[in-house]
Amino acid sequence: MKKLYILSLVLSFTLGFAQTNLKKADALFRNYSYADASKAYEEILQKIENPSAQTLKNAADSYYFISDAQNALKWYRKLYEVQGNNLTDIYYLRYIQTMKAVMDYDEADKITKEYLNKKGDKNEINRYVAQKAQMDSLSKAKSLYTLKNLDINTSKSDFGATFYQEKIVFTSARDTTKFSQKLYTWNNQPFLNLYIAERNPADGSLFNEKVFLPNVMTKYHEATASFDASGKTIYYSTNIVKKNKLVIDQEKVNNFQIIKGDMTDGKLENPQKVPFDSNEYSVGHPSLSDDGQYLFFASDMPGGFGESDLYYVKIASDGTMGSPINLGPKINTIGNDVFPFYRNGVLYFSSDGHYGRGDLDVYESNFSANGTFTTPKNLGAPINSNKDDFAFLIDKTGSYGYVSSNRAEGKGDDDIYSFIKGKPVCNQNISGMAFDRKTKLPLTDVSIMAYNSYSEILAETKTNYDGKYVVTVPCGKVIKMIAAKPNYSSDEKTVETTLENEGEIKDVNFELSNYDDLVVKKKGVEKVDVKPIYFDYDKYDITPLAIEELSKVVFVMRKFPNVKIKIESHTDSRGKDAYNMKLSDNRAKATRDYIVSQDIDASRIESAIGYGESRIINKCKNGIKCTEEEHLLNRRSDFIIIQK
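Residues numbered from 1 in each chain as written. Predicted model: local features only at pLDDT ≥ 70, side-chain atom pairs only at ≥ 80, totals over all residues. Heavy atoms only, no water.

## Overview of the sheet that holds strand S8 (residues 206-211)
With antiparallel pairing, four strands are arranged side by side in an open sheet as S3-S4-S7-S8. At either end of the open sheet lies a strand with only one pairing partner, and these are strand S3 (158-164) and S8. Across the sheet, the mean angle from the axis of one strand to that of its neighbour is 30 degrees, orientation sign disregarded. With five bridges joining them, S3 and strand S4 (residues 167-172) adopt antiparallel strand pairing. Within S4, the position partnered with Phe159 by the bridge is Thr171. (Pairing = 2+ DSSP bridges. Helix = DSSP H or I, 4+ residues; strand = E, 2+ residues; numbered from the N terminus. Axes fitted to C-alpha atoms, helices over the stretch in contact; angles between N-to-C directions.)

## Description of the packing of helix H10 (residues 544-559) against helix H11 (residues 577-597)
A pair of packed helices is captured by two measures, namely the crossing angle of their axes and the spacing between those axes. Where H10 meets H11, the axes come as close as 10 Å, and the angle between the chain directions of the two elements is 55 degrees. Judged by the inter-axis angle, H10 sits oblique to H11. Two packed elements cross with a definite hand, and for H10 against H11 that hand is right-handed. Counted together, Ile547, Leu550, Val553, Val554 and Met557 of H10 and Thr591, Tyr594 and Ile595 of H11 form the full contact between these two elements. (Parallel < 35°, antiparallel > 145°, perpendicular 65-115°, else oblique. Left-handed = near helix turned anticlockwise from the far one by under 90°. Contact = heavy atoms within 4.5 Å.)

## Re the sheet that holds strand S27 (residues 447-451)
The strands making up a sheet associate through hydrogen bonds between their backbones, and the pairing can be parallel or antiparallel. If you trace the four strands from one edge of the open sheet to the other, you get S28-S27-S30-S31, paired in antiparallel fashion. Only two strands of the sheet have a single partner each, and these edge strands are strand S28 (457-462) and strand S31 (491-496). Each strand axis lies, on average, 20 degrees off the axis of its neighbour in the sheet, ignoring direction. Alignment of S27 against strand S30 (residues 478-484), held across five bridges, turns out to be antiparallel. Paired with Ser447 across the strands is Ala484, a residue of S30.

## Concerning the nonpolar core
The biggest cluster of nonpolar side chains holds 37 residues, and the ones touching the most others in it are Tyr41, Trp75, Tyr76, Leu87, Tyr95, Met99 and Ile111. Looking at this core, the elements that each hand over two or more residues are helix H2 (22-30), helix H3 (34-45), helix H4 (53-64), helix H5 (69-83), helix H6 (89-101), helix H7 (105-119) and helix H8 (122-140). When residues in this core are grouped by element, the largest group, seven residues, is from H6. Listed in part, the 26 residues of the second largest apolar core include Tyr515, Val530, Val563 and Ile565. (Core = buried A, V, L, I, M, F, W, Y, C linked by side-chain atoms within 4.5 Å. Buried < 20%, exposed > 50% of the residue type's maximum accessible area, 1.4 Å probe, protein only.)

## Quick look at the state of the cysteines
Applying the stated rule across the entire model yields two disulfides. Two residues share a disulfide in this structure: Cys426 and Cys475, whose sulfurs sit 2.0 Å from each other. The disulfide joining Cys426 to Cys475 has a torsion of about -75 degrees about its S-S bond and is therefore left-handed. Here the residue Cys426 occupies a position in the loop between strand S25 (415-421) and strand S26 (427-436), and Cys475 occupies one in the loop between strand S29 (468-474) and S30, the gap between them amounting to 49 residues. With a relative accessible area of 24%, Cys426 lands in the partly exposed category. The buried category is assigned to Cys475, whose relative accessible area is 9%. Between Cys620 and Cys626 runs a disulfide, and the two sulfur atoms are separated by 2.0 Å. (Disulfide = S-S within 2.5 Å.)

## Describing H8
With 19 residues, H8 extends 27 Å between its outermost C-alpha atoms, agreeing within 8% with the 27 Å of an ideal straight helix rising 1.5 Å per residue. For H8, the full list of buried residues reads Arg127, Tyr128, Gln131, Gln134 and Met135. Considered in projection along H8, the buried side chains sweep an arc of 135 degrees and stay on one side of the axis. In H8, those exposed residues whose orientation departs by more than 90 degrees from the buried face are Lys122 and Lys140. The elements touched by buried residues of H8 are H7 and strand S22 (377-378). (Expected span 1.5 Å × (residues − 1). Arc of directions from axis to C-beta.)

Dropping the structure here:
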């Protein structure tokens, strides 16, 4: 039944035709008698060896519009064999959707890529890639939703629940009115009407249903209502009727309109059309924002992006409505974008044009600060299935609601499902780069690890060829980030995530030093690369200049926790040998004590020994005249690496 609203938002009805020839089948199709037309085409196509493309389209569409995907796919596939790349956008979409409806996802993806390559639209390709990645991610995550079919559902179409004070108003084709003999020839079901039911807050079930607006009920469709916060104003969809007769446009189609009215003691008063109603196109699925400032709706009015688009109008404090504004190509597609519901800054809607699980899926999009909507995200299973899922409704606390679907396990054409939504897991991304400390060039294959306060690893990744990384971590936590790469120093940062779900903390960058840039190698011996460490004459106190060089030693030992060293201190030949031996030993131990004072484990320093002038490295021994620069070469401290 929902195909009436979802796919074309049009209505026409006709008396049945005998299913004897193609001309009569075409007549049934033109008059939207799709249930009868599908049978007629099925009978005729058994006798036609080479049917025309138009006949194949009509046969496939007849099944498609009554949600018989298996039979629709049979004729769309035949149409694809006949037309190939000449298939139009909308028939590619329907072909792909029927494949998904029978859960042939691999083939659907193959045809989707073929279609996108044919179009060559990079924006469409990027949207497909992003939405497929989001769907793949959803399939691996535990859903927040728990779904339950309601006992109130019938074998006919029941859908479109909406909150009305403490009760629920919904749409149904259940055969309980005096118009029960009048069938809607689209699918041979009774016309739709609005019903009201009590709601059990314990389990979300509905009961004691009855006709909602008996004083304005027509012979045709009343459906999909929305109310203001007080429950005193109603908007709902209905056929355009004049003097109890359908108003037909130039194409012999009866369109839908939105009626606004006042609710008084459960009755509708002062019903009137909204200003953007038209006999020439349909508007329906009204959804009023909680503050009453915006009315969202679906329409096939001229100028849209697809078969039906989503729009909104602004409502002034005196009730005056502005002009309809299309929500744009980020929301609207070449297909059907319908059933809007806006709550707490989030637009929920159904679409068969975005990448989903099949037919209509429910999506959500946040209303951003710059006045636009974010890229729609699929709600995933169990809200969405391989069939039509639509009319999503959630309460103000975001904990429970209703959705409609014609999925296989239902009771009728469309069923209403209640759901409970658990609290979402709040995650954020931390992103940045890793650089070589010396060259400032990006480093690839750097391990990035995120730990919580208990040193439990939360996430791990590696930088890509551009030196970039992204990790996902929980919201509201203090995260210790460590970057490490073989033969490089590690680097560490502390990051505090916020409470913004799916937010991103950028530019958390790391600098790593190559071990080979920090040491010098000579005759098979590795030493920390430092400049001469100067002491005041005849003293062994650590000077500021000495600290500057010793900080390099500390850096190496911190960044390379396996490194162990021994310290050797030397003097020049001036002064007495014994005195120089004692002075150099004091200086060696002073440097050791300073390094240990910087939280370096003393066990990592094997020894700290002074050798005085016993290891002169040039000619400047006792009695040899040398320049100050030559003597300086002998006044040295070596930090020899004995383990790494």
